[in-house]
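Residue-level listing of the chains:
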Amino acid sequence: TTTVTKTIQIGRSAADGFDFIADPQTMPRWAIHNVKAIRTLEGGRWEMETPRGKATLVPATSVRQASSITISSTRARVSGG
């Protein structure tokens, strides 16, 4: 198993970065290899178009930190596809 971690610096506050990443609607802009399109469904769920087909995203509650951002893809349940 190979793991790759990539780091970038963004000229915005951690809060601004978190708000952008935490909004499922922005996923096609930053998860460009995994999410081709996304639309809202009922009950806070999202339908995503992925390279493997359609999937449903059910966001989990996240914690917002003032000085840094930690995003974990395991914080969301994905089904389908």
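Residues numbered from 1 in each chain as written. Predicted model: local features only at pLDDT ≥ 70, side-chain atom pairs only at ≥ 80, totals over all residues. Heavy atoms only, no water.

Asker: Would you explain the nonpolar core in this entry?
Answerer: Within soluble globular proteins, side chains that are nonpolar generally end up buried alongside one another. Judged by nonpolar contacts, Met 27, Ala 31, Val 35, Ile 38, Trp 46, Met 48, Ala 55 and Leu 57 together constitute the single largest core of 8 residues. Where this core is concerned, the elements lending two or more residues are β2 (46-50) and β3 (53-59). (Core = buried A, V, L, I, M, F, W, Y, C linked by side-chain atoms within 4.5 Å. Buried < 20%, exposed > 50% of the residue type's maximum accessible area, 1.4 Å probe, protein only. Helix = DSSP H or I, 4+ residues; strand = E, 2+ residues; numbered from the N terminus.)

Asker: Which parts of the structure should I look at to understand the pattern of salt bridges?
Answerer: Side chains that carry opposite charge are capable of pairing whenever their charged atoms lie near each other. The final tally for this structure, using the stated rule, is 2 salt bridges. A salt bridge links Asp 16 to Arg 12, with the nearest nitrogen and oxygen atoms 3.3 Å apart. Taking the relative accessible area as the measure of exposure, Asp 16 reaches 33% and is therefore partly exposed. On the basis of relative accessibility, which here comes to 58%, the residue Arg 12 falls in the exposed class. (Salt bridge = Lys/Arg side-chain N within 4 Å of Asp/Glu carboxyl O.)

Asker: I'm lost on helix α1 (residues 14-22) in this one. Help?
Answerer: For the α-helix, the turn length of 3.6 residues means that residues three or four positions removed from each other point alike. Within α1, the full set of buried residues consists of Ala 14, Gly 17 and Phe 18. Projected onto a plane normal to the axis of α1, the buried residues spread over an arc of 100° and lie on a single side. (Arc of directions from axis to C-beta.)

Asker: Teacher, can you tell me more about the pairing of strand β1 (residues 37-40) here?
Answerer: Sheet faces and side chains relate simply in a regular strand, where the side chains alternate between the two faces. In the sheet, β1 pairs with β2 via 4 bridges, with the strands oriented antiparallel. Bridge assignment links Thr 40 to a residue of β2, and that residue is Trp 46. The hairpin turn running from β1 into β2, its antiparallel successor, is 5 residues long, and Gly 43 in that turn takes a positive phi close to 70°. (Pairing = 2+ DSSP bridges.)

Asker: Looking at this structure, how should I read the confidence of the model for the chain?
Answerer: Predicted coordinates in regions of low pLDDT should not be interpreted in detail. For the chain, the average pLDDT comes to 77, and 74% of its residues sit at 70 or higher. At the low end of the mean pLDDT range in the chain sits strand β4 (residues 76-80), at 43; at the high end sits β1, at 95. Predicted confidence is poor over residues 65-81, with pLDDT under 50, and the contacts of this stretch with residues over four places away or in other chains come to 30 contacts. (pLDDT = per-residue confidence, 0-100. Contact = heavy atoms within 4.5 Å.)

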